[in-house]
Amino acid sequence: MGKLLRINTKTKTFTFEETPETYAGLGGRGLTSKMILEEVPATCHPLGKNNKLIFAPGIMSGSPAADTGRLSAGAKSPLTGGIKESNAGGLVSQKLAKLGISALVLEDKPEDDDYAMIVINKDGVQILPANDLVKKGNYDVMASLWDKYGKKTGILSIGQAGEQCLKAASIQQADMNGRPGRAHGRGGLGAVMGSKKIKAIVVDDKGADRLEIKDSEAFKAANKRWVEMLHNHPVTGEGLPALGTAVLVNVINEAGTLPTQNFRRGRFDHAQDISGETMADTITSRGGIPTEGCHPGCVIKCSNVYHDKDGKYLTSGFEYETIWAFGAHTTIKSLDDIAMMDRLCDDFGLDTIDMGVALGVAMEGGMLDWGDGKAAIDLLSKVGAYAPEGKIIGNGAHFTGEALGVARVPVVKKQALPAYDPRSCKGVGVTYATTPMGADHTAGYGVTANILSVGGSVDPTKKEGNVELSQGLQVATAAIDAAGLCLFVAFAVLDNEDGLPTICQMINAQYGLSLTPDDVLELGKQILRDEKEFNKRAGFTPVDDKLPEMFNDEFPPHNTTWDFSDADLQKTLDF
Ligand code: SF4
């Protein structure tokens, strides 16, 4: 194990400590969730001095294994009031691992209003004044830090939303071009960083030793099979590289489960205008980049760079969930307007899912008209202007619904639902209801067997089999997040019986262990037990594992309803 780097944000001091036995063998989400359970009082205020913001590379991060550069960020969430892990690509995870840091822990909070930034390299840690970066968006912050510290450094930063401690504030990571295209988006972790008055973190691994691999020959052989597996699967080898995650717009629309106009129906008349096919054509014709990785070693490369009508850079890491949230959900059909909102969210540091859903809720409440892209851009811009309307929308869909007296607010544990309707994609619906994270498709992506026929097939419109589907995926996902693997590897793993054993072989070769697939799945279960326990201590009960009443309505075109009992749902994570 590496060392824990603890930084006291009040005294501006730091310590390196040996990773204690309690945390041995853990990484990524496994480590952030265990540390939060052990060290953060569950009833503390998320923006108070007792909350901690923890960044942890995965167990495999920093190694040459493909697609292992995800970084987990964890804290008590200002949005949900429960435990939160949000992971992202970028450069930081691999660099922390190479510097021998298993977790970076931000503790306490300053009593004054001065901001600081943190620089970590092989020579140690500097905690520097950063008031000159205040009120700057992530684009400016990252550009100036790359100029100063070099264009290969990893950067985490917050924008105006994090400074205002808004509940939908993200922490952005610089992508491989130094732009804020990657996000620890969900759960308001940017507000926790803002409460500790940390504007940015720079991580530089220049001069650090290469990560030790105990059995490099066995590692190389397993990684070779791993890369072939990812290249040979139709989703990870063809669909995602060609069209990015937006490949899903037409697929999910065709399946009748693309939530449209605040979850009223499952098909959007203008789906083609915002589809992956349209996006890829637009990117290519304007000279953008249709496919790239979000960190070195990604072989799937679902990311991209989107240019405006004049061929100038507009945004990057432009994804399906974002396109759905600002598109079908609000009935905005201009891909350029949606791309502009993606850019604003990256710059201000906001979760695109909660923002898109909040805009739909604002349309529901009469604050702006359905489908009005220009009005949506104006309202979102208020966040960067520190205006009162921006504070409403920037606090997310739940807060916006409360402020405007709206009853149709699609949230679980106050976090906005993502881009698949739970009534006609029930496997992911069970995940929305039961994951300790609040509504989150990535916590147990039932779309695999429900819609994509990956890892088997379960009818998306019926109850049967969907609790079991969500349970299996939630366990596997927790383990994937702990490894530092990109979730998208799951497509190949679910369809290949050699998938999980190959991951085990790489971990075993890296650390000299003899883990079995069962050990890895037990790790996933333990992570979920830890997260459930934290939420229980924070006051969560089975009442919180439910979908809102609006999902009792029939959902066309399948005319299905949400029909799971509380007892059905409580079985999901009962292990
Ligand atoms: S597949 Fe996409 S999200 Fe996953 S690591 Fe590669 S670029 Fe990042």
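Preceding this section is the structure that the text describes.
Residues numbered from 1 in each chain as written. Predicted model: local features only at pLDDT ≥ 70, side-chain atom pairs only at ≥ 80, totals over all residues. Heavy atoms only, no water.

Section: the overall build of the protein
Thought 1: Along its length, the protein carries 22 helices and 17 strands.
Thought 2: When the backbone C-alpha atoms are referred to their principal axes, the protein occupies close to 60 × 50 × 50 Å.
Thought 3: Among the 575 residues that make up the protein, the fraction classed as buried is 62%.
Thought 4: Taking the intrachain contacts of the protein between residues at least 6 apart in sequence as the baseline, contacts between residues at least 24 apart amount to 71%.
Thought 5: With 59 positive and 74 negative side-chain charges, the protein shows a separation of 4 Å between the mean positions of the two kinds. (Helix = DSSP H or I, 4+ residues; strand = E, 2+ residues; numbered from the N terminus. Buried < 20%, exposed > 50% of the residue type's maximum accessible area, 1.4 Å probe, protein only. Contact = heavy atoms within 4.5 Å. Lys, Arg positive; Asp, Glu negative; His and termini not counted. Charge placed at Lys NZ, Arg CZ, Asp CG, Glu CD.)

Topic: helix 3 (residues 138-149)
Thought 1: The terminal C-alpha atoms of helix 3 lie 16 Å apart, and with twelve residues this matches the ideal 16 Å at 1.5 Å per residue to within 8%.
Thought 2: All buried positions along helix 3 are accounted for by Asn-138, Tyr-139, Val-141, Met-142, Leu-145 and Trp-146. Each buried residue of helix 3 lies within a common arc of 165° when the element is viewed along its axis, so the set occupies one face. Residues of helix 3 that are exposed and point over 90 degrees away from its buried face: Asp-147 and Lys-148.
Thought 3: The inward-facing, buried residues of helix 3 abut strand 7 (116-121), strand 9 (154-157), strand 10 (171-173), strand 12 (198-203), strand 15 (313-316) and helix 11 (335-348).
Thought 4: Just downstream of helix 3, Gly-150 is the residue with a positive phi angle, here 110°. (Expected span 1.5 Å × (residues − 1). Arc of directions from axis to C-beta.)

Topic: the site of the ligand
Thought 1: Within the structure, the ligand sits among 14 residues, and Cys-294, His-295, Cys-298, Cys-302 and Cys-486 are positioned closest to it.
Thought 2: A breakdown of the residues in the shell around the ligand according to their chemical character gives six nonpolar, three polar and five charged. (Near = heavy atom within 4 Å. Nonpolar A, V, L, I, M, F, W, Y, C, P; charged D, E, K, R; others polar.)

Considering the pairing of strand 12
Thought 1: In terms of burial, strand 12 is a largely internal element, six of the six residues being buried.
Thought 2: Here five bridges tie strand 7 to strand 12, and the two strands are oriented parallel to one another. Paired with Ala-116 across the bridge in strand 12 is Ile-198.
Thought 3: Strand direction decides the pairing type here: strand 9 and strand 12, joined by four bridges, are antiparallel. Paired with Ile-155 across the two strands is Val-202, which belongs to strand 12. (Pairing = 2+ DSSP bridges.)

Re the packing of helix 12 (residues 352-364) against helix 15 (residues 396-404)
Thought 1: Running from amino to carboxyl end, helix 12 crosses helix 15 at an angle of 15°, the nearest separation of the two axes being 7 Å. Relative to helix 15, the element helix 12 lies roughly parallel. Relative to helix 15, helix 12 is oriented so that their crossing is right-handed. Every residue of helix 15 that contacts helix 12 at Asp-354, Met-355, Val-357, Ala-358, Val-361 and Ala-362 is listed here: Gly-396, Ala-397, Thr-400, Gly-401 and Leu-404. (Axes fitted to C-alpha atoms, helices over the stretch in contact; angles between N-to-C directions. Parallel < 35°, antiparallel > 145°, perpendicular 65-115°, else oblique. Left-handed = near helix turned anticlockwise from the far one by under 90°.)

Considering the packing of aromatic side chains
Thought 1: Enumeration according to the criterion identifies ten aromatic pairs in this entry.
Thought 2: Ring centres of Phe-14 and Phe-16 lie 6.0 Å apart, and the angle between their planes is 85°; on these two criteria the pair is classed as edge-to-face.
Thought 3: Given a relative accessible area of 37%, Phe-16 falls into the partly exposed group.
Thought 4: Where Tyr-320 meets Tyr-420, the ring centres are 5.5 Å apart and the plane angle is 45°; that geometry is what we call tilted. Placement of Tyr-320 in helix 10 (residues 320-326) and of Tyr-420 in the loop between strand 17 (415-416) and helix 16 (426-434) is noted, with a sequence separation of 100 residues between them.
Thought 5: The class of Tyr-320 is buried, set by a relative accessible area of 1%.
Thought 6: What links up through ring pairs into an aromatic cluster is the set Tyr-320, Tyr-420, Tyr-445, Phe-488 and Phe-491.
Thought 7: Sitting over the ring of Tyr-139, Arg-343 keeps its end group 4.2 Å from the ring centre.
Thought 8: If you follow Lys-525 out to its NZ or CZ, it ends over the ring of Phe-575, 5.8 Å from the centre. (Phe/Tyr/Trp six-rings, centres within 6.5 Å; stacked < 30°, edge-to-face > 60°. Lys NZ or Arg CZ within 6 Å of the ring centre and 35° of its normal.)

So, the packing of helix 18 (residues 466-483) against helix 21 (residues 517-537)
Thought 1: Where helix 18 contacts helix 21, the two axes come as close as 7 Å, and the packing angle between them is 95°. Classed by the angle they form, the pair helix 18 and helix 21 counts as roughly perpendicular. Mapping the contact onto sequence places Gln-474, Val-475, Ala-476, Ala-478, Ala-479 and Ala-482 in helix 18 and Val-520, Leu-521, Leu-523, Gly-524, Lys-525, Ile-527 and Leu-528 in helix 21.

Observations concerning the environment of Val-305
Thought 1: Relative to the assigned elements, Val-305 resides in strand 14 (residues 303-307).
Thought 2: Using a relative accessible area of 2% as the deciding quantity, one classes Val-305 as buried.
Thought 3: The contacts of Val-305, once residues within four sequence positions are left out, are Asn-177, Arg-179, Ile-283, Gly-288, Ile-289, Glu-292, Tyr-313, Thr-315 and Ser-316.

Some words on the sheet that holds strand 12
Thought 1: Ordered in space as 8-7-12-9-10-11, the six strands form an open sheet in which the pairing is mixed. Strands at the two margins of the open sheet, each flanked by one partner only, are strand 8 (124-129) and strand 11 (182-184). Across the sheet, the mean angle separating the axes of adjacent strands is 20° when strand polarity is ignored.
Thought 2: Its contacts with the sheet put helix 3 on strand 7, strand 8, strand 9, strand 10 and strand 12, and the angle it makes with strand 9 is roughly 145°.

Considerations on unusual backbone geometry
Thought 1: Here the residue pair Pro-556 and Pro-557 is connected by a cis peptide bond, since its omega of 10° sits within 30 degrees of zero.
Thought 2: Here Pro-557 lies in the loop between helix 21 and helix 22 (566-570).
Thought 3: One non-glycine residue, Lys-135, lies in the positive phi region at around 70°.
Thought 4: Tracing the backbone through its elements, the reader meets Lys-135 in the loop between strand 8 and helix 3.
Thought 5: Of the residues examined, Lys-135 reaches a relative accessible area of 57% and is grouped as exposed.
Thought 6: Despite not being glycine, Lys-413 has its phi angle at roughly 55°, a positive value.
Thought 7: With a relative accessible area of 9%, Lys-413 lands in the buried category.

Notes on the pattern of salt bridges
Thought 1: Enumeration over the complete set of coordinates arrives at 35 salt bridges.
Thought 2: Note that Arg-29 and Asp-481 form a salt bridge whose closest N and O atoms lie 3.0 Å from each other. Of this pair, Arg-29 sits in helix 1 (residues 28-39) while Asp-481 is found in helix 18, placing the two residues 452 residues apart along the sequence. Judged on exposure class, the residue Arg-29 and its partner Asp-481 are both buried.
Thought 3: Asp-545 is paired through a salt bridge with Lys-413; the nearest N and O atoms lie 2.8 Å apart. Placement of the pair is Asp-545 in the loop between helix 21 and helix 22 and Lys-413 in the loop between strand 16 (411-412) and strand 17, with a sequence separation of 132 residues. No difference in accessibility class separates Asp-545 from Lys-413, as the two residues are buried. (Salt bridge = Lys/Arg side-chain N within 4 Å of Asp/Glu carboxyl O.)

Everything listed here is a matter of geometry and, on its own, says nothing about what the molecule does.
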